[in-house]
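Chain and residue survey
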Amino acid sequence: MRAMSNPPNPYESTHRDLLEPASSARLELYDDATREILSRNDSPDLSFRWSVNPYRGCFHACAYCYARPTHEYWGFGAGTDFESKIVVKRHAPELLRRAFEKPSWKGELIVFSGNTDCYQPLEATYGLTRACLEVCAEFPNPVGVITKAALGGGELGVLS
């Protein structure tokens, strides 16, 4: 007879005391060479079809963030890698402009930050969200922004 066992339960809580301080994660930035910036969403649960994420990963490090597992798609971990290995899409504004210039673009709502906070601290340095919003205003294209950051006002809003 073969012995059988269940896989580990990811929801089982165990308490562990750290005997020394937790190690700090060092911020690492990576450049993204993506050729398109608009991500299509086909979920019937969401009221928008298109999103823009100028960054991958998020320095806010919210333990509850639903986007953490998406970091694994890029070969990073969903734990501390999510907040310490941030991918920067430096060409996001140009890619967005190119998408808007296509005859097939019909001016639909675009939501910023479906998988990251577009106003995380790196935005103060790179300004990618601001530049993308300027492109949206130039065309003019409706926009929604999801953020918890003080840099972006810390609220959900829809601009038109």
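If you're wondering where the values come from, they're calculated on a predicted model, not measured in any experiment.

Regarding the pairing of strand β5 (residues 85–88)
Side chains Lys85 and Val87 project from β5 onto one buried face, and the interleaved Ile86 and Val88 project onto a second face that is buried too. Here 2 bridges tie strand β4 (residues 55–56) to β5, and the two strands are oriented antiparallel to one another. Looking at the pairing, Tyr55 lines up with Val88 of β5.

Considerations on the sheet that holds β5
Pairing is mixed in the open sheet, where 3 strands are placed in the order β1-β5-β4. Sheet topology places β1 (28–31) and β4 at the edges, where each strand pairs with a single neighbour.

Thoughts on the packing of aromatic side chains
The full count for this structure, using the stated rule, is 5 aromatic pairs. For the ring pair Phe100 and Phe139, a centre distance of 5.2 Å and an interplane angle of 65° mean the geometry is edge-to-face. Of this pair, Phe100 sits in helix α2 (residues 92–101) while Phe139 sits in the loop between α4 (128–138) and β7 (143–145), placing them 39 residues apart in sequence. A relative accessible area of 6% means that Phe100 is categorised as buried. Members of the aromatic cluster, connected to one another through ring pairs, are Trp50, Phe100, Trp105 and Phe139. Between Arg56 and the ring centre of Trp74, over which it is positioned, the NZ or CZ distance is 3.4 Å.

Considering the pattern of salt bridges
Counted by the stated rule, this structure contains 8 salt bridges. Taking the shortest distance from any N to any O, the salt bridge between Arg49 and Glu108 comes out at 2.9 Å. Of this pair, Arg49 sits in the loop between β2 (38–40) and β3 (50–52) while Glu108 is found in the loop between α2 and β6 (110–112), placing the two residues 59 residues apart along the sequence. On the accessibility criterion, Glu108 (24% relative accessible area) is partly exposed.

As for the state of the cysteines
Applying the stated criterion across every chain, the model contains 0 disulfides. Summary of cysteine pairing: Cys58 is not part of a disulfide, and the nearest cysteine sulfur, belonging to Cys62, is at 6.3 Å. Looking at the unpaired Cys136, the closest cysteine sulfur is the one in Cys132, lying at 7.0 Å. On the basis of relative accessibility, which here comes to 2%, the residue Cys136 falls in the buried class.

Some points on α4
Turn by turn, an α-helix covers 3.6 residues, leaving residues three or four places apart pointing in a common direction. Regarding α4, the residues found buried are Leu128, Thr129, Cys132, Leu133, Val135 and Cys136. Buried residues of α4 fall within an arc of 155° about the axis and therefore sit on the same side. Residues of α4 that are exposed and angled more than 90 degrees away from the buried face: Arg130 and Ala137. Tucked inside the fold, the buried residues of α4 contact β4, β5, α2, β6, α3 (123–126) and β7.

As for the packing of α2 against α4
Between two packed helices, both the angle of their axes relative to each other and the distance between the axes serve to describe the pair. Two numbers describe how α2 lies on α4: the axes approach to 8 Å, and their chain directions differ by 20°. Our classification of the angle between α2 and α4 gives roughly parallel. As for the relative orientation of α2 and α4, their crossing is right-handed in sense. Residues Ala92, Pro93, Leu96, Arg97 and Phe100 of α2 form the contact with α4, whose own contacting residues are Leu128, Ala131, Cys132, Val135, Cys136 and Glu138. Residue composition of the contact of α2 with α4, by class: 9 nonpolar, no polar and 2 charged.

Concerning the nonpolar core
Membership of the largest hydrophobic core comes to 21 residues, with the highest contact counts inside it found for Leu38, Leu96, Ile110 and Phe112. Breaking this core down by element, the ones donating at least two residues are β3, α2, β6, α4 and β7. Per element, the largest residue contribution to this core is 5 residues, and it comes from α2. Other than its neighbours up to four places away in sequence, Leu38 contacts Trp50, Ser51, Val52, Leu96, Ala99, Trp105 and Ile110. Formed by 5 residues, the second largest nonpolar core is a distinct cluster that contains Tyr55, Ile86, Leu122 and Leu128.

Cut-off values and rules
- Residues numbered from 1 in each chain as written.
- Predicted model: local features only at pLDDT ≥ 70, side-chain atom pairs only at ≥ 80, totals over all residues.
- Heavy atoms only, no water.
- Buried < 20%, exposed > 50% of the residue type's maximum accessible area, 1.4 Å probe, protein only.
- Helix = DSSP H or I, 4+ residues; strand = E, 2+ residues; numbered from the N terminus.
- Pairing = 2+ DSSP bridges.
- Phe/Tyr/Trp six-rings, centres within 6.5 Å; stacked < 30°, edge-to-face > 60°.
- Lys NZ or Arg CZ within 6 Å of the ring centre and 35° of its normal.
- Salt bridge = Lys/Arg side-chain N within 4 Å of Asp/Glu carboxyl O.
- Disulfide = S-S within 2.5 Å.
- Arc of directions from axis to C-beta.
- Contact = heavy atoms within 4.5 Å.
- Axes fitted to C-alpha atoms, helices over the stretch in contact; angles between N-to-C directions.
- Parallel < 35°, antiparallel > 145°, perpendicular 65-115°, else oblique.
- Left-handed = near helix turned anticlockwise from the far one by under 90°.
- Nonpolar A, V, L, I, M, F, W, Y, C, P; charged D, E, K, R; others polar.
- Core = buried A, V, L, I, M, F, W, Y, C linked by side-chain atoms within 4.5 Å.

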